[in-house]
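# Remarks on the overall topology
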Amino acid sequence: MEALTAIVIGVLTAGSVYLMLARNFMRFLFGLILLSNAVNLTIFASGRMTKGAPALVPYGEDAPLGIVGNALPQALVLTAIVIGFGLLAFTLALAFEGYRRMNTVDTDEMRFAEPKEDVTK
Amino acid sequence: MSWVLVMPIAVPFVTAVVAYLARNYPAGRWISLAGSALSLVASAVLMVAVLNEGVVAAQMSNWNAPFGITLVADYLSAVMVVITAITGLATAIYALGEIPEETESLGFYALFQVLIAGVTGAFLTGDLFNLYVWFEVMLIASFSLLVIGGGKERLDAGIKYVALNLVSTLVFLSGIGLLYGVTGTLNMADLREAVANAENQGLITVIAMMFMVGFGVKAAVFPLFFWLPASYHTPYFTISAVFAGLLTKVGVYALMRMFTLVFVGDVGFTHEILIWVSLLTMFTGVIGAAAQSDFRKILSFHIISQIGYMTLGLALFTPLALMGGVFYLVHHIIVKANLFFVAGLAKQYAGSTDLNRIGGLYKSAPLLAALFIIPAFSLAGFPPLSGFWAKYLIVKAALELDAWFIAFVSLLVGLLTIFSMTKIWGMAFWKPHPDGIDPTPDRAPARVTLAMMIPIIALASMTIVIGFYPEPFVQFAQTAAEQLLDPSDYVTTVLGVQP
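If you're wondering where the values come from, they're calculated on a predicted model, not measured in any experiment.

Cut-offs used in this document
Residues numbered from 1 in each chain as written. Chains lettered and ligands numbered in written order. Predicted model: local features only at pLDDT ≥ 70, side-chain atom pairs only at ≥ 80, totals over all residues. Helix = DSSP H or I, 4+ residues; strand = E, 2+ residues; numbered from the N terminus. Rg over C-alpha atoms; globule rule 2.2 N^0.38 Å. Buried ≥ 20, exposed ≤ 12 C-beta atoms within 10 Å, placed from the backbone. Contact = placed C-beta atoms within 7 Å. Axes fitted to C-alpha atoms, helices over the stretch in contact; angles between N-to-C directions. Parallel < 35°, antiparallel > 145°, perpendicular 65-115°, else oblique. Left-handed = near helix turned anticlockwise from the far one by under 90°. Nonpolar A, V, L, I, M, F, W, Y, C, P; charged D, E, K, R; others polar. UniProt positions renumbered as here; feature names shortened; annotations may be inferred. Expected span 1.5 Å × (residues − 1). Pairing = 2+ DSSP bridges.

## Focus on the overall build of chain B
Tallying secondary structure elements over chain B gives 21 helices and two strands in all. Over its C-alpha atoms chain B spans a radius of gyration of 22 Å, differing by no more than 12% from the 23 Å that the globule rule assigns to 499 residues. Across its three principal directions, the C-alpha atoms of chain B cover 70 × 55 × 40 Å. Here chain B holds 499 residues, and 65% of them are scored as buried. Counting only contacts in chain B whose residues sit at least 6 apart along the sequence, the fraction spanning at least 24 positions is 80%.

This is how it looks when you write it as structure tokens:
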């Protein structure tokens, strides 16, 4: 199971790097979304995977009996997903506002804060 | 004891909520100011506790370490929290002069307080995943602050800043995931033992490099700094100043923490890389500054070059070098924030930050000129200002190791810093104004001038005090460095504390 997840993480990362190398800011963002999911899967897999054993404490017990899935990475991933979602929502809004003002999503043409070429005199 | 550690984080958060509710009223800005003053009190209380006990730790929600989230403050954390609160208060005052009402009603003060809370949280946490969360709190606030007010320039800068910072965060996050996979813990004190005992030290080094890259982007070190000069010259001066003072230093702090507490298994490899990265950071930063002709762009490149000195203190990894690094960190936050404050006031007087389009400030605003000289010369390392002692410690540490080349580069970069500072001095202050007018302080309303002048004077006085009475600060930095190099107190306090 871990091996399969590792391959999926690798494919996602490769795809995201390909997308992030594009000049189009939207493609960069899609790459970022993929990368963020790859990282979430990494955290999930790093807690080791246990099949069909939910981390539940049976009624009347103090601790789970036997082998259960590791609950901590799930909590971490949940946090990371929520944070990542918020950041991406902000970034999408920023990209949209940037497109409206600058009329481009090509990062090579976004040269308003920095000089277009060497103009130091 | 836990409230001592919680208050410096809780105060700005509560202030943020109240300031947001009052964002459409003048009361909002006074609430922010009062909150910042309270934060300073809270951080001073923490500082006293740390001075008395060495290391203070608290377990959140009574979950014992290493299972729960630990807040912990040693000397380094405590001084960073105090300096954050000081910068926060100075910025809150400065904002009264600069931030227009439309921006205030967008929730400026709430975002600002969240930023301070995030920075403080990052300094105080003892849990790696919690550190990630604080980084995100800080980032989302900084994203919004950077683009608040709108305009092409800010949006352009914002997009680059956001994109590169998000990538670095993801590298940092996957480093956390992998480290958890190898060691099974996220508590930083617990990680020290777990990392040392890990079977596959090669894997640990790989993870260490992921952390170095993740924090390196935040700290703006050599090949990873491009977001900084692309963005720091666009927002309000208030925001530039607080970013310049605090944000990159969180990256430096995180590097210092992780590479003294956790990743010390292969110092020969990781810290050797850091040495070269630091030297290149110092040099490229100062050369980049020499090519600029805008007040804030020059200052932005100087942030990068100065970051190199701090990471160099970490990279040399001797007690003296780390002491210099800690001293540098504190001195730099004060000086750099102050220089951006001065730039803002210079713009109020002269109308621009483009050095080719302003001038004559020495004649019409001699007080501002004097107040520029203090942080500028301190940045370059003139005795007897604070920067001299900071550079002296680093160079001496390099000489003690017989690292002549490192000492040479440090001194050379100091020299080149003077070049940029005299450029600003000559073009903004001495040269007559190109339009033939006298930039008069009367152009700015008295309220604005007063609000902007108070923090500049306060921070400049601090620079002078540190410069003339460095003894207590140096001793403090020495203890901080000792704690960093021998974190046994840190580890036992975190792991041994009962709720």
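There is more to say, and it comes next.
## Quick look at the overall build of chain A
Secondary structure assignment for chain A yields three helices and zero strands. Ordered by position in the sequence, the α and β elements of chain A form the string α-α-α. In terms of C-alpha radius of gyration, chain A reaches 21 Å, well past the compact-globule figure of 14 Å for 121 residues. Projected onto its principal axes, the C-alpha coordinates of chain A cover approximately 75 × 30 × 25 Å.

## Here we look at the packing of helix H14 (residues 319-350) of chain B against helix H17 (residues 386-400) of chain B
To characterise two packed helices, one gives the angle between the axes of the helices and the distance between these axes. Residue and element names in this part refer to chain B. Following both chains from N to C, one finds H14 and H17 inclined at 155 degrees, their axes separated by 8 Å at the closest point. One way to sum up the angle between H14 and H17 is to call them roughly antiparallel. When the axes of H14 and H17 are compared, the crossing they make is left-handed. In this structure, H14 contributes Leu320, Ala321, Met323, Gly324, Phe327, Tyr328, His331 and Val335 to the contact, and H17 contributes Ser386, Gly387, Trp389, Ala390, Leu393, Ile394, Lys396, Ala397 and Glu400. Here the residues of the contact of H14 with H17 sort into 11 nonpolar, four polar and two charged.

## Remarks on the UniProt feature "domain: NADH:quinone oxidoreductase/Mrp antiporter transmembrane" (unreviewed entry) in chain B
Per the UniProt entry, the sites bearing "domain: NADH:quinone oxidoreductase/Mrp antiporter transmembrane" (unreviewed entry) are residues 126-416 of chain B in this numbering. Overall, residues 126-416 of chain B shows 81% helix and 0% strand. The separation of its end C-alpha atoms is 38 Å.

## Quick notes on unusual backbone geometry
Residue and element names in this part refer to chain B. In this model, proline 383 is joined to proline 384 through a cis peptide bond whose omega is 0 degrees. Along the chain, proline 384 turns up in the loop between helix H16 (366-380) and H17. Residues other than glycine seldom take positive phi values, yet phenylalanine 317 does so here, at roughly 60 degrees. Secondary-structure assignment places phenylalanine 317 in the loop between helix H13 (295-316) and H14. Note on phenylalanine 317: 23 C-beta atoms within 10 Å, which makes it buried. Its identity is not glycine, yet aspartate 402 carries a phi of approximately 60 degrees, on the positive side. With respect to the helices, strands and loops of the structure, aspartate 402 is situated in the loop between H17 and helix H18 (404-430). According to the C-beta neighbour criterion, aspartate 402 is exposed, with 9 such atoms within 10 Å.

## So, the interface of chain B and chain A
By convention, interface size is frequently given as the accessible area that disappears when the constituent parts associate. Opposite the 28 residues of chain B that make contact, chain A presents 29 residues. Secondary-structure elements contributing two or more residues to the side of chain B that touches chain A are helix H6 (128-147), helix H7 (152-183) and helix H10 (227-231) of chain B. By residue number, the principal contributor to the side of chain B that touches chain A is H7(B), which donates 17 residues. Taken together, the residues of the side of chain B that touches chain A break down into 17 nonpolar, seven polar and four charged.

## Focus: H13(B)
Relative to the 32 Å expected for 22 residues at 1.5 Å per residue, H13(B) spans 32 Å between its end C-alpha atoms, a close match to the ideal helical length. Of all the 22 residues making up H13(B), 22 are buried; the element is thus mostly covered by neighbouring parts of the structure.

## Some details on the UniProt feature "transmembrane region" (unreviewed entry) in chain A
Residue and element names in this part refer to chain A. Here the UniProt feature "transmembrane region" (unreviewed entry) sits at residues 6-21, 28-47 and 75-96. Helix makes up 95% of residues 28-47 and strand 0%, and the two end C-alpha atoms of the span are 29 Å apart. Structurally, residues 75-96 is divided into 100% helix and 0% strand, and its ends, taken at the C-alpha atoms, are 32 Å apart.

## Observations concerning the pairing of strand E2 (residues 70-73) of chain B
On a regular strand, each side chain points to the face opposite its neighbour's, so the side chains alternate between the two faces of the sheet. All names here are of chain B. Of the two faces of E2, both are covered, the one formed by Thr70 and Val72 as well as the one formed by Leu71 and Ala73. Relative to E2, strand E1 (residues 56-59) is paired through four bridges, and the arrangement is antiparallel. Considered in E2, the bridge of alanine 57 is made with valine 72.

## As for H6(B)
Residue and element names in this part refer to chain B. Its 20 residues give H6 an end-to-end C-alpha distance of 29 Å, which sits within 8% of 28 Å, the value for a rise of 1.5 Å per residue. Among the 20 residues that make up H6, 18 are buried, leaving the element largely enclosed by the rest of the structure. Note on H6: the residue one or two positions beyond its end, glycine 149, has a positive phi of about 100 degrees.

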